[in-house]
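If you want the building blocks of each chain, they are given just below.
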Amino acid sequence: MQHISVIGAGTMGNGIAHVFAQHNYSVSLVDVSAPALEKALATIQQNLDRQLAREAITAEVKAQTLQNISTHTSLPEGVKNASLVVEAATENSELKLKIFRELDQHAPAAAILATNTSSISITRIAAATKRPEKVIGMHFMNPVPVMKLVEIINGYATAPEVTTAITALSEKLHKVPCVVNDYPGFIANRILMPMINEAICSLYEGVAGVSEIDTVMKLGMAHPMGPLQLADFIGLDVCHSILQVLHDGFGNPKYAPCPLLVNMVTAGYLGVKSGEGFYKYTKGSKELVVSERFK
């Protein structure tokens, strides 16, 4: 498994491409947007420079990593030699189904088709192809070059040998694979998102303020960042989408997105990506400032 195609050049896609290329796999990074591909390569170079400054890699490794990546705006061209395709497009089920129909048509018959989805059913995605036994979830954590976990999700029809191959590949990337089954939210988000939602509900109900909620979870539960800051980092729209998947999948009202979260997403306050969520973000500043709306 030497040639990897990554679909989507956003935050997750460029991180996945970075990690594979750094471990000397040939990577085709595919996106319909040429500017997105240029931005992705710039981000990968910046992250490699940080690794170089920390002496985590050598200049030779940096150069070889960049050399291992090619970019493509055509999906058929980008996947024609793939032994593994990792889809990392926006967390939208209809978009992913469309991509997997195209992958099934253009990727080699022997290629494994993986999705980096954080919540959408692997079984549903696999059903859009004629090779459901070769479809699997490969859920990396953000930031991909730093985080060790890969949540590997078996669809209903995923072949055992595919799971074995993806588990072994994850270990070659110096990641820690955890194999789970295909139910809404898998494990990571089935547990994480209700916690984030409960933190938002606690704010909504006036139990405590933004800083207080995050401080309790950081100092009391040893979390590296509080749930509200983490929600901003993930993207409030992404949190909302995952909670909707959980709510629809289980039909349990405990997964319903908090009304405050719904309002914030509707108004465009999405966290880091929009410049404001529960905190306000200023380019170049690392200071954590609570949004004026919650003071």
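Attention here is on the structure that accompanies the text. Please read all numbers here as calculations on a predicted model, not as lab measurements.

**Examining the overall build of the protein chain**
Here's step 1: For the protein chain, the helix and strand inventory stands at 12 helices and 10 strands.
Here's step 2: The C-alpha radius of gyration of the protein chain comes to 19 Å, within 12% of the 19 Å expected for a compact globule of 295 residues.
Here's step 3: Over its C-alpha atoms, taken along the principal directions, the protein chain stretches across nearly 55 × 45 × 35 Å.
Here's step 4: Counting only residues that meet the buried cut, the protein chain has 47% of its 295 residues in that class.
Here's step 5: Within the protein chain, contacts between residues at least 6 apart in sequence are counted, and of these 65% link residues at least 24 apart.
Here's step 6: As displayed, the protein chain has an accessible area near 14,200 Å², and 55% of this comes from carbon and sulfur atoms.
Here's step 7: Each charge class in the protein chain can be summarised by its mean position, and for the 24 positive and 26 negative side chains these summaries are 3 Å apart.

**Focus: the packing of helix α11 (residues 236-250) against helix α12 (residues 259-267)**
Any two packed helices are characterised by the angle at which their axes cross and by the distance between the axes.
Here's step 1: At a minimum axis distance of 9 Å, the contact between α11 and α12 shows a crossing angle of 130°. When the axis of α11 is compared with that of α12, the two are oblique. For α11 against α12, the interelement crossing comes out left-handed. Where α11 approaches α12, its residues Leu236, Asp237, Cys239, His240 and Leu243 are matched on the opposing element by Leu261, Val262, Met264 and Val265.
Here's step 2: Each residue belonging to the contact of α11 with α12 can be placed in one class, and the counts come to 7 nonpolar, 1 polar and 1 charged.

**Regarding unusual backbone geometry**
Here's step 1: The omega angle of the peptide bond from asparagine 142 to proline 143 is 0°, so this bond is cis rather than trans.
Here's step 2: On the secondary structure map, proline 143 appears in the loop between β6 (135-140) and β7 (149-154).
Here's step 3: A positive phi angle, close to 70°, is found at asparagine 24, a residue other than glycine.
Here's step 4: As for its placement among the helices and strands, asparagine 24 is situated in the loop between α1 (11-22) and β2 (26-30).
Here's step 5: Of note in this structure, histidine 174 is not a glycine but carries a positive phi near 65°.
Here's step 6: Residue position: histidine 174 is located in the loop between α7 (160-172) and β8 (176-181).

Conventions used here
Residues numbered from 1 in each chain as written. Predicted model: local features only at pLDDT ≥ 70, side-chain atom pairs only at ≥ 80, totals over all residues. Heavy atoms only, no water. Helix = DSSP H or I, 4+ residues; strand = E, 2+ residues; numbered from the N terminus. Rg over C-alpha atoms; globule rule 2.2 N^0.38 Å. Buried < 20%, exposed > 50% of the residue type's maximum accessible area, 1.4 Å probe, protein only. Contact = heavy atoms within 4.5 Å. Areas by Shrake-Rupley, 256 points an atom, 1.4 Å probe, with all protein chains shown as cover. Lys, Arg positive; Asp, Glu negative; His and termini not counted. Charge placed at Lys NZ, Arg CZ, Asp CG, Glu CD. Axes fitted to C-alpha atoms, helices over the stretch in contact; angles between N-to-C directions. Parallel < 35°, antiparallel > 145°, perpendicular 65-115°, else oblique. Left-handed = near helix turned anticlockwise from the far one by under 90°. Nonpolar A, V, L, I, M, F, W, Y, C, P; charged D, E, K, R; others polar.

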